[in-house]
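Coordinate analysis (summary)
What follows is each chain in one-letter form.
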Amino acid sequence: MNLLSKTARPLLFTVLLFSFATSAWAEVTLEGRVTSAESGDALRLANIGTRNALETAVTDDGGNFSLSVESLPVTLVVRHLGYQVYVMEISSDAFLDIALVDSKLQAEEMVVIGSRFAPRTVMTSPVPIDNVKADQLYATGHLTIDKMLNYSVPSFNSSQQTISDATAHFDPADLRGLGPSRTLVLINGKRKNPSALVYINDTPGKGEVGVDMKSIPAAAIERIEVLRDGASAQYGSDAIAGVINIILKEDYDQTIIRSFGGATTEGDGENYGYSVNTGFPLGKNGSVNVTHSYSDFSETNRAPTPGTDALFGVTPETDVNGDGIPGDFADFFAAHPDLGMIVGQPNITSSDVFFNARLPLENNSELYAFGGLQNRKGLSYALYRAPYWITEDPDIPGEASEVYLDSDGNYEGFHPTFETDIFDNQLSVGVRGQSRGWDYDVSHTYGSNTVDYSVNNSLNVDLGIQTPTSFRAGGYEFRNHITNADVARQVMNATVSVGTEFRTENFVANAGEPDSYFGSGTQSFPGLQPQNEADAFRNNIGVYGDVAVNVTEDLLVGGAARVENYSDFGDAFTWKVNGRHLLMDGRATVRASASTGFRAPSLHQIHLSIIQTLVSGGSVSNQGTIDNNSPVLRALEVDQLKEEEATNFTVGVAIQPVEGATFSADFYRVEVDDRVVYSSSIASDDPTDAVGEILVANDITSLKFFTNAIDTRTQGVDLVGTYSMAAGEGTANVTVSATFTDTEIEGLISTPKPIKDAGIDIFDRKEQSRILSARPEDKILVGLGYSKGRVNATLNNTRFGEVTWQHASDPAKDQTFAAKVITDLYVTVQATGALSLGIAVNNLFDVFPDKIDTKGDVLTDLGGRFQYPWEVNQFGFAGTTVVGSGTLTF
């Protein structure tokens, strides 16, 4: 990268802005004293400034200050850590006695994402931000954070996966369809650790690594800030599509107990759970907020009933044994017209504890700590092993299938389960405050995620009758340590921030028990082998600078730059410039930003290796994923992974046309170069070419790997409109929001020569569709809310745009699944002063995706095993769900 040519102009621009920041000259001096309203004590180092912080001052040990302003009248804003923001209009130079009320920052009005020490409103921010409060999340009627966001933020994508091993227990989530790896997630402004899992199954987000969004309980959340703009210059790797900042509750003066229970209208998918959120004071002005929650979700089943198996070419009349007598498996098809399948959401049980604490110290500082841990257990199903799939004769003593003979001595096959034990935790401890005019924040964060696999109700045919039916199949671990140090201060009409981050990461792959990988391994999921084990480390350090200048009361411009060094691939440099101009007395704004970004390849993508079982045309084969450091890939001229580079542009407007109404529109363009992808299946029938020789040598029928293969361009527009009004004796609100996006692959796909010479497509049409069309290109949300007396009602309509599944090689077999509208209804009634009762009906009109049209290709629906799309998925296929809830507040 030519750093000078790419960064000299924005750096020069930033320097000029900072220089201009010192040019203001004031004419009127205001003097006063700031105290605590509760104790009357003087407050040292309170920050006093005019609107938009054009002029600022800080109080001394006695709480006294002197502030010079250009003229009167002027709006004065006073802030102090742990106190409510004080705002008043000043029209004379009389001495000011200001008493601040002890409270947390009024979170519903301010956002901290993207500005660290200078909270701004959504309207005054130079970049587009969604500020989603807890009651908005609950008003969706959904029960987990990933689904709540999916139905409240159009640019956020997440949907339930099925029959995809551990992926179904996590569900990939992203912003703007750019993949989970390119969305940075923070908790209280601190980086959240990614999960231990790489999504390698045929789902949206394939080949990606993301944060386990299911690990964060809704009951612990105060609000969620979603920054829809690149922010690598401020936060480092991963912040290409945007940043999600989850703010935990601080309240300690009330207790909230929630419970819920429900099911689908099909009679399955039972769910129930509870949460308790409470708190208590700590010291003189400190607090601790604690949350515990538990939930249990049962499986759903939407398997079709084809009555025949097109994948294996078996019908109730087929003579499989070749004895001239048809109908060898007629009894099986009569008992299992659905081929024994269970297709739907998995069984998930989770329990967690979270906390958020702060303790004021001397010298205007405070100690803080927050974090949580969750344990989640999941059970989903693999493909049913029909009796003609495992072709051993169960009548022969010693055959493995003998373990599944029923009481009559018949063999009906078996149904393997895939089970996970997931543990996620994060702990952040730090101190923040003010010293000699500087705001500071020093912290350390530890985070980890582990997932252990087990396969039950299965067998290993190579172990014969000695085979167990339960197997420990291995698992993965990821952990990181992050140390942050950030400082900022007002310098005339500018806010200057600098900071550093040091991070260490560790990825571990653990082998399963020997029975799970012996011979051909466990049916459905061969265990991880010792040769697949990994214990990889790396570290990185980043340094950034950020300046925001109030050129006038209405014009804000800013710039940031960051240098990052990774121990495994080297340096990265990113920059960002942005600006915002207020119009109409602050009721409208025009904003724009430009930035570069990067994403370091994850340790998972570099070091993952695994054997998977594939089913194709009635045959079963083993496919190997080769780790990026392997000599096998060097022999195929596949390069070592390097960082992705991105360029972001955003321009938008926001307006408050009348009281109670807001509207914003933001256009964006994101270009990602050298994007890391998970390759197509690389196979060859010629054992003499380079690919064939490697397959034979490694005893696999195909291989896959991670590679920097493509450049993409994503562009679109986000629209958000809200309106609140009086409606009769109640109040009503309307929210209309939408995203329209388009992603294209630019240029040629980078293919190593040996693979190209073998005539193999390294990233075929099917894999491309997971990037181009697996997520809806447009999503529109229309929400209607009404409150009157004790009753609150919300009706949400979410239109998911069409998605397209592409065949690997034949465009004629592509299928586009039409756009659908999902309607959710949520009603609550305040039964008593403390008790609220609610009912949610999700997918009110029982809408399902279009059914699969195989167009003659039995692999498209795996021989009739699926009726709804699972590789491209808009909103799942559970149908209508009804959930009742109760909330007790005291």
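Residues numbered from 1 in each chain as written. Predicted model: local features only at pLDDT ≥ 70, side-chain atom pairs only at ≥ 80, totals over all residues. Heavy atoms only, no water.

Section: the overall build of the chain
The number of helices and strands found in the chain is 11 helices and 41 strands. For 890 residues, the compact-globule formula gives about 29 Å, and the C-alpha radius of gyration of the chain, at 29 Å, lands near that figure. In the chain, which comprises 890 residues, the share counted as buried stands at 57%. A separation of at least 24 residues holds for 69% of the contacts in the chain among residues at least 6 apart in sequence. As presented, the chain carries roughly 33,700 Å² of accessible surface, and 55% of it is formed by carbon and sulfur atoms. Measuring between centres, the 62 positive side-chain charges of the chain sit 8 Å from its 113 negative side-chain charges. (Helix = DSSP H or I, 4+ residues; strand = E, 2+ residues; numbered from the N terminus. Rg over C-alpha atoms; globule rule 2.2 N^0.38 Å. Buried < 20%, exposed > 50% of the residue type's maximum accessible area, 1.4 Å probe, protein only. Contact = heavy atoms within 4.5 Å. Areas by Shrake-Rupley, 256 points an atom, 1.4 Å probe, with all protein chains shown as cover. Lys, Arg positive; Asp, Glu negative; His and termini not counted. Charge placed at Lys NZ, Arg CZ, Asp CG, Glu CD.)

With respect to the pairing of strand β26 (residues 570-583)
Within β26, 11 of the 14 residues are buried, which leaves the element mostly enclosed by the surrounding structure. Pairing of strand β25 (residues 555-566) with β26, which is carried by 12 bridges, proceeds in the antiparallel orientation. Bridging across to β26, Arg562 finds its partner in Thr574. Where β25 hands over to β26, the hairpin turn is made up of three residues, counted between the paired strands. Inspection of the sheet shows β26 paired to strand β27 (residues 588-599) by eight bridges, in the antiparallel sense. Across the sheet, Gly579 pairs through a bridge with Ala592, a residue of β27. As consecutive antiparallel partners, β26 and β27 are separated by four residues, and within that stretch Met584 has a phi angle of approximately 55°, a positive value. (Pairing = 2+ DSSP bridges.)

Examining the sheet that holds strand β5 (residues 74-79)
In space, the four strands of this open sheet follow the order β3-β2-β5-β6, with antiparallel pairing throughout. Among the strands making up the open sheet, the edge pair consists of β3 (56-58) and β6 (86-90). Averaged over neighbouring strand pairs, the angle between their axes works out to 20° when direction is ignored. Here strand β2 (residues 47-50) pairs with β3 via three bridges, running antiparallel. (Axes fitted to C-alpha atoms, helices over the stretch in contact; angles between N-to-C directions.)

Structural notes on the environment of Lys704
Among the structural elements, Lys704 can be located in strand β32 (residues 702-704). Relative accessible area serves as the criterion here: at 4%, Lys704 is assigned to the buried category. In sequence terms Lys704 and Ser609 are 95 residues apart; their C-alpha atoms lie 9.3 Å from each other. Filtering out sequence-adjacent residues up to four positions away, Lys704 remains in contact with Lys206, Gln623, Gly624, Thr625, Ile626, Tyr678, Ser679, Ser680, Ser681 and Glu767.

Notes on helix α9 (residues 690-697)
What α9 keeps buried is the set Val691, Gly692, Ile694 and Leu695. Viewed along the axis of α9, the buried residues span an arc of 165°, placing them on a single side of the element. With respect to the buried face of α9, the exposed residues turned more than 90 degrees away are Val696 and Ala697. Taken together, the buried residues of α9 touch α8 (631-635), β32 and α10 (753-757). The residue sitting at the N-terminus of α9 and contributing the capping side-chain oxygen is Asp689; that oxygen lies 3.2 Å from the backbone nitrogen of Val691. Asp699, located one to two residues past α9, shows a positive phi value of around 55°. (Arc of directions from axis to C-beta. Polar contact = N/O pair within 3.5 Å; in protein donor to acceptor, adjacent residues only side chain to side chain.)

Thoughts on the pairing of strand β30 (residues 644-655)
Within a regular beta strand, the side chains point alternately toward one face of the sheet and then the other, so they alternate between its two faces. Inspection of the sheet shows β27 paired to β30 by 12 bridges, in the antiparallel sense. Along β30, the bridge assignment pairs Arg591 with Gly652. Relative to strand β31 (residues 661-678), β30 runs antiparallel, the two sharing 11 bridges. Residue pairing for β31: Gly652 is matched across the bridge by Asp666. In this structure, the hairpin formed by β30 and β31 is closed by a connection of five residues, where Gly660 is found at a positive phi of approximately 90°.

Describing the sheet that holds strand β11 (residues 183-187)
Each strand in a sheet pairs with its neighbour through backbone hydrogen bonds, running either in the same direction (parallel) or in the opposite one (antiparallel). Ordered by their spatial adjacency, five strands build an open sheet running β8-β13-β14-β11-β12, and the pairing between neighbours is mixed. Where the open sheet ends on each side, the last strands, each with one partner, are β8 (129-133) and β12 (190-191). Of the strand pairs in this sheet, β11 and strand β14 (residues 242-248) are connected by five bridges, and their pairing is parallel. If you follow Leu184 over to β14, its bridge partner there is Val243.

A few points about the side chain of Gln345
Mapped onto the elements of the fold, Gln345 is located in the loop between α5 (330-335) and β18 (347-361). In terms of polar contacts, Gln345 uses its side chain to reach the backbone carbonyl oxygen of Ser298, at 2.8 Å. Once residues lying within four places of it in the same chain are set aside, the contact partners of Gln345 are Gln160, Gly269, Phe297, Ser298, Glu299 and Thr300.

As for the environment of Gln656
On the secondary structure map, Gln656 appears in the loop between β30 and β31. In this structure Gln656 touches Met123, Gly586, Arg587, Ala661 and Thr662, once residues within four positions along its chain are discounted.

Focus: helix α11 (residues 765-772)
Of all eight residues that make up α11, seven are buried, and the element is covered over most of its length. For α11, the set of buried residues is Lys766, Glu767, Gln768, Ser769, Arg770, Ile771 and Leu772. Its buried side turned inward, α11 meets β31, β32, β33 (706-727), β34 (730-746) and β37 (803-805). Where α11 begins, the side chain of Asp764 points an oxygen toward the backbone nitrogen of Lys766, at a separation of 3.1 Å.

Remarks on the environment of His481
Looking at the element boundaries, His481 is found in strand β22 (residues 470-491). Through-space distance from the C-alpha of His481 to that of Thr504 is 5.3 Å; in sequence the pair is 23 residues apart. Of note is the side chain of His481, whose polar atom sits 3.1 Å from the side chain of His444.

Some points on the packing of aromatic side chains
One pass over the structure, following the stated rule, counts 25 aromatic pairs. Their ring planes at 40° and their centres at 6.4 Å tell us that Tyr272 and Tyr294 sit as a pair that is tilted. Here Tyr272, found in strand β16 (residues 271-282), pairs with Tyr294, found in strand β17 (residues 286-297); they are 22 residues apart in sequence, far enough to count as distant. By relative accessible area, which is 43% here, Tyr272 ends up partly exposed. When its relative accessible area of 24% is taken as the criterion, Tyr294 is described as partly exposed. Site record: aromatic cluster; members linked through ring pairs are Phe312, Phe329, Phe332, Phe333, Tyr384, Tyr388 and Trp389. In this structure, Arg376 is placed above the aromatic ring of Phe170, and the distance from its NZ or CZ to the ring centre is 5.3 Å. (Phe/Tyr/Trp six-rings, centres within 6.5 Å; stacked < 30°, edge-to-face > 60°. Lys NZ or Arg CZ within 6 Å of the ring centre and 35° of its normal.)

Quick notes on the confidence of the model for the chain
In the predicted model, the chain carries a mean pLDDT of 88, and the fraction of residues at 70 or more is 92%. In the model, residues 1-26 has pLDDT below 50 throughout and makes 37 contacts with residues more than four positions away in sequence or in other chains. Note on residues 104-108: pLDDT is under 50 here. Beyond four places in sequence and across chains, it has 10 contacts. (pLDDT = per-residue confidence, 0-100.)

Comments concerning a nonpolar patch on the surface
Taken together, Leu361, Leu367, Leu427 and Val429 make up a surface patch of nonpolar side chains, about 300 Å² in accessible area. Along the polypeptide, Val429 turns up in strand β20 (residues 417-435). (Patch = residues over 30% accessible without salt bridge, like charges linked within 9 Å, V, L, I, M, F, W, Y side chains within 5 Å. Salt bridge = Lys/Arg side-chain N within 4 Å of Asp/Glu carboxyl O.)

Quick notes on the pattern of salt bridges
Evaluation of the coordinates by the stated rule reveals 44 salt bridges. Among the salt bridges present, the one from Glu505 reaches Arg503, with a minimum N-O distance of 3.2 Å. Comparing Glu505 with Arg503, the two get one shared label, buried. Arg799 is the salt-bridge partner of Asp778, the closest N and O atoms lying 2.5 Å from each other. Of the two residues, Asp778 sits in strand β35 (residues 778-788) while Arg799 sits in strand β36 (residues 791-800), which places them 21 residues apart along the sequence. Owing to a relative accessible area of 17%, Asp778 belongs among the buried residues under this scheme. Taken together, the shared-partner salt bridges in this structure form one network comprising Arg191, Asp238, Glu501, Arg503, Glu505, Arg538 and Asp568.

Observations concerning unusual backbone geometry
A cis amide bond links Leu72 to the next residue, Pro73, at an omega of 0°. Structurally, the position occupied by Pro73 is in the loop between β4 (64-69) and β5. You will see that Asp238, though not glycine, has its phi angle at about 90°, which is positive. Checked against the element boundaries, Asp238 lands in the loop between α4 (232-235) and β14. Given the relative accessible area of 19%, Asp238 is considered buried. Non-glycine residue Met492 carries a positive phi angle of around 55°. Relative to the assigned elements, Met492 resides in the loop between β22 and β23 (494-510).

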